[in-house]
Amino acid sequence: MAKGVRKLTGFLWALLIAVLSFFIIFIFFPDVSNKFFGVSVRGEDIQRVVKEAENTITEKAGEVITNTVEKVTDVAAEAGKKTVSEALQQTKSQTN
C-alpha cells in the first residue's frame, strides 16, 4: 500500500513540475514556447488584438485631447471677453 502511495505522490509531483514549467516557458519565453510547444503568447491573433487596442486607445485619446482643448479655448475666450468688456466699461466710466 505504501509503495502505491509513493508512486502516486511522485507522479503528482512530476505532473505539477511539468505544468509549472510549461507556464513559465509559455509566459516568459514565448519564442521557445512557440518553437517547442507550437503555442505562444505572441501569436498572430494576440498581435492583431494588441494593434486594434492600440489604435482604439490612440483614437479615443485624440478625441479627448481635442474636446479638452476646445473647452479650454472656449473658457479662455469667455474669460477674455468678460475682462475686455469690464475694462471697456471702466474706461467709459472714467472718461464720463
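These numbers come from a predicted model, not from an experiment.

**Q** Teacher, can you tell me more about the overall build of the chain here?
**A** Each helix and strand counted, the chain has three helices and zero strands in total. Reading the chain from its N terminus to its C terminus gives the helix and strand order α-α-α. Taking 12 Å as the expected radius of gyration for a compact globule of 96 residues, we find that the chain reaches 33 Å, considerably beyond that expectation. C-alpha atoms of the chain, sized along the principal axes, occupy 115 × 35 × 15 Å. A buried classification covers 3% of the 96 residues belonging to the chain. Accessible surface computed for the chain: about 8,700 Å², of which carbon and sulfur atoms make up 66%. When the 12 positive and 11 negative side-chain charges of the chain are each reduced to one mean point, those points stand 15 Å apart.

**Q** Please clarify how the environment of Thr91 should be interpreted in this entry.
**A** Along the polypeptide, Thr91 turns up in helix H3 (residues 44–95). A distance of 2.7 Å separates a polar side-chain atom of Thr91 from the backbone oxygen of Ala87.

**Q** Please clarify how the pattern of salt bridges should be interpreted in this entry.
**A** Oppositely charged side chains can form a pair if their charged atoms are brought close together. Under the definition given, this model contains two salt bridges. The shortest N-O distance in the salt bridge between Lys51 and Glu54 comes to 3.6 Å. Linking Lys51 with Glu54, this pair stays in helix H3, spanning three residues, or about one helical turn. Take Lys51: its relative accessible area is 47%, and that puts it in the partly exposed class. When the shortest N-O distance is used, the salt bridge between Glu78 and Lys81 registers 3.8 Å. Of the two residues, Glu78 and Lys81 both sit in helix H3, three residues apart, roughly one turn of that helix. For Glu78, a relative accessible area of 49% corresponds to the partly exposed category.

**Q** Even after reading the chapter, I still don't get the confidence of the model for the chain, so can you show me in this structure?
**A** Detailed reading of the predicted coordinates is not advisable wherever pLDDT falls low. Per-chain confidence: the chain averages 84 in pLDDT, with 92% of residues scoring 70 or above. Model confidence for the chain, summarised as mean pLDDT per element, is weakest for helix H2 (residues 30–36) at 83 and strongest for helix H1 (residues 2–28) at 88.

**Q** Sorry, what's going on with the packing of aromatic side chains here?
**A** To describe a pair of aromatic rings, you give the distance between the ring centres and the angle between the ring planes. Throughout the structure, instances matching the rule amount to three aromatic pairs. Measuring from centroid to centroid gives 5.3 Å for Phe22 and Phe23, while their planes differ by 75°, and the two rings are edge-to-face. What makes Phe22 partly exposed here is its relative accessible area of 27%. On the basis of an interplanar angle of 20° and a centroid distance of 5.7 Å, the ring pair of Phe22 and Phe26 is categorised as stacked. Note that Phe22 and Phe26 are positioned in helix H1 at a spacing of four residues, about one turn of the helix. An aromatic cluster of at least three residues, connected via ring pairs, comprises Phe22, Phe23, Phe26 and Phe37.

The rules behind these values
- Residues numbered from 1 in each chain as written.
- Predicted model: local features only at pLDDT ≥ 70, side-chain atom pairs only at ≥ 80, totals over all residues.
- Heavy atoms only, no water.
- Helix = DSSP H or I, 4+ residues; strand = E, 2+ residues; numbered from the N terminus.
- Rg over C-alpha atoms; globule rule 2.2 N^0.38 Å.
- Buried < 20%, exposed > 50% of the residue type's maximum accessible area, 1.4 Å probe, protein only.
- Areas by Shrake-Rupley, 256 points an atom, 1.4 Å probe, with all protein chains shown as cover.
- Lys, Arg positive; Asp, Glu negative; His and termini not counted.
- Charge placed at Lys NZ, Arg CZ, Asp CG, Glu CD.
- Polar contact = N/O pair within 3.5 Å; in protein donor to acceptor, adjacent residues only side chain to side chain.
- Salt bridge = Lys/Arg side-chain N within 4 Å of Asp/Glu carboxyl O.
- pLDDT = per-residue confidence, 0-100.
- Phe/Tyr/Trp six-rings, centres within 6.5 Å; stacked < 30°, edge-to-face > 60°.

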